[in-house]
Amino acid sequence: MKALLWLALCAALAANLALNLMENNALHIVLSVVSGLVVIASGAGLWMLRREARV
């Protein structure tokens with residue numbers, strides 16, 4: 001599960017970087033929002049699945 005979340009996070013970050021090369025139009029905005037949501041969701045999922053270090 002964690003590997004899939006890491007893959008989604010990295011893919012969304014790479015897509016977001018590639019989107020900066022596009023012209024500013026409606027498609028650019030929609031894809032940017034979608035990749036941002038994927039980054040937030042996968043980051044939240046990874047944060048929830050973390051194992052806290054107990055002292």
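Residues numbered from 1 in each chain as written. Predicted model: local features only at pLDDT ≥ 70, side-chain atom pairs only at ≥ 80, totals over all residues. Heavy atoms only, no water.

Caption draft 1: Geometry of the environment of His28. Within the secondary structure, His28 sits in helix H2 (residues 26-48). Sequence-distant contacts of His28, defined by excluding residues within four places in its chain, comprise Leu19, Asn20, Met22 and Glu23. Engagement of the side chain of His28 in a polar contact is seen with the backbone oxygen of Leu19, the distance being 3.0 Å. (Helix = DSSP H or I, 4+ residues; strand = E, 2+ residues; numbered from the N terminus. Contact = heavy atoms within 4.5 Å. Polar contact = N/O pair within 3.5 Å; in protein donor to acceptor, adjacent residues only side chain to side chain.)

Caption draft 2: Fine view of helix H1 (residues 2-19). Taking 1.5 Å of rise per residue, 18 residues should cover 26 Å, and H1 covers 25 Å from first to last C-alpha, within 8% of that figure. Of the residues making up H1, those classed as buried are Leu5, Leu9, Ala12 and Leu19. Angular distribution of buried residues about the axis of H1 spans 95 degrees; they occupy a single face of the element. Exposed and facing more than 90 degrees away from the buried side of H1 are Ala3, Leu7 and Leu17. Looking at the buried side of H1, the elements it contacts are H2. (Expected span 1.5 Å × (residues − 1). Buried < 20%, exposed > 50% of the residue type's maximum accessible area, 1.4 Å probe, protein only. Arc of directions from axis to C-beta.)

Caption draft 3: Region of the structure containing a nonpolar patch on the surface. On the surface, Met22, Leu27 and Leu31 cluster together into a nonpolar patch covering about 240 Å² of accessible area. Tracing the chain through its elements places Leu27 in helix H2. (Patch = residues over 30% accessible without salt bridge, like charges linked within 9 Å, V, L, I, M, F, W, Y side chains within 5 Å. Areas by Shrake-Rupley, 256 points an atom, 1.4 Å probe, with all protein chains shown as cover. Salt bridge = Lys/Arg side-chain N within 4 Å of Asp/Glu carboxyl O.)

Caption draft 4: Representation of the environment of Ala11 within the structure. One can find Ala11 in helix H1. For Ala11, a relative accessible area of 44% corresponds to the partly exposed category. Separated by 21 residues in the primary sequence, Ala11 and Ser32 have C-alpha atoms spaced 13 Å apart.

Caption draft 5: Broad picture of the packing of H1 against H2. Viewed as axis vectors pointing N to C, H1 and H2 meet at an angle of 150 degrees, and their least axial separation amounts to 9 Å. In terms of their interaxial angle, H1 and H2 are classed as roughly antiparallel. Once H1 is placed against H2, the crossing between them reads as left-handed. Each of Lys2, Leu5, Trp6, Ala8, Leu9, Ala12, Leu13, Asn16 and Leu19 in H1 lies in contact with H2, whose residues at this interface are His28, Leu31, Ser32, Ser35, Val38, Val39, Ser42, Gly43, Gly45 and Leu46. Looking at the contact of H1 with H2, its residues break down into eleven nonpolar, seven polar and one charged. (Axes fitted to C-alpha atoms, helices over the stretch in contact; angles between N-to-C directions. Parallel < 35°, antiparallel > 145°, perpendicular 65-115°, else oblique. Left-handed = near helix turned anticlockwise from the far one by under 90°. Nonpolar A, V, L, I, M, F, W, Y, C, P; charged D, E, K, R; others polar.)

Everything listed is a geometric property; what it means functionally is a separate question.
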